[in-house]
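Here is what each chain is made of, one letter per residue.
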Amino acid sequence: MTDAWLDIGALDDIPRRGARVVKTRHGCVALFRTAEDRVFAIDDRCPHKGGPLSEGIVHGNAVTCPLHNWVFSLETGMAQGADSGAVATYPAEVQQGRILLDCARLIAGRAA
Ligand code: FES
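Residues numbered from 1 in each chain as written. Predicted model: local features only at pLDDT ≥ 70, side-chain atom pairs only at ≥ 80, totals over all residues. Heavy atoms only, no water.

Q: What am I meant to see in the UniProt feature "domain: Rieske" (unreviewed entry) in the protein here?
A: Following the UniProt record, one finds the feature "domain: Rieske" (unreviewed entry) at residues 6-101. Helix and strand shares over residues 6-101 are 0% and 45% respectively, and the end C-alpha atoms of the span are 5 Å apart. (UniProt positions renumbered as here; feature names shortened; annotations may be inferred. Helix = DSSP H or I, 4+ residues; strand = E, 2+ residues; numbered from the N terminus.)

Below is the structure:
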C-alpha cells in the first residue's frame, strides 16, 4: 500500500446503498456502499450532463444517475445498456471497518 491511501471514514458512516462525497483538490469523488458492503469510488459527475452520481440509486454494483437515468458500473465506470461513456473510478477498500481511498490516480490527473 502506498502513501496515497487516505482514511476517509468509517464504513458505517455510509448507509447500505448510500453514498458520501469526498471533496478533494482535484474534484469531488463519490464513495458508494453497496447492499453487500462493497465500497466503490467514482467521480461525482455524470459524463452525460454532469449529474451528481452520489445522489443516484445504487443497485447491485451499479448506480443510476438521478438526472436522466443512465446506469454506470461502479466497478468499471462504464455506462450500461445503450448509453455510452464512462466515469473515472478510483481504488477503494475497507480495512478494519475503515474506508481507504487510493488518491494516487486523483493526484496523477484523474486519468482512468
Ligand atoms: S446527467 Fe447523468 S444521465 Fe444525464
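Resuming the write-up.
Q: Which parts of the structure should I look at to understand unusual backbone geometry?
A: Trans is the common state for peptide bonds, and a negative phi is the common state for residues other than glycine. Not every positive phi belongs to a glycine, and D37 is a case in point at roughly 65 degrees. For N69, which is not a glycine, the phi torsion comes out positive at approximately 70 degrees. Residue position: N69 is located in the loop between β6 (62-64) and β7 (71-73).

Q: Can you walk me through the sheet that holds β6 in this structure?
A: Strand pairing in a sheet takes place through backbone hydrogen bonds and is either antiparallel or parallel in direction. Taking strand neighbours across the sheet as the criterion, the three strands line up as β5-β6-β7 in an open arrangement whose pairing is antiparallel. Of all strands in the sheet, those bounded by a partner on one side alone are β5 (57-59) and β7. Between one strand axis and the next, the sheet turns by 25 degrees as a mean value, whatever way the strands run. Two strands pair when backbone bridges link them, and β6 and β7 are joined in this way by three bridges, in the antiparallel orientation. Bridging from a neighbouring strand, V63 pairs with F72 of β7. (Pairing = 2+ DSSP bridges. Axes fitted to C-alpha atoms, helices over the stretch in contact; angles between N-to-C directions.)

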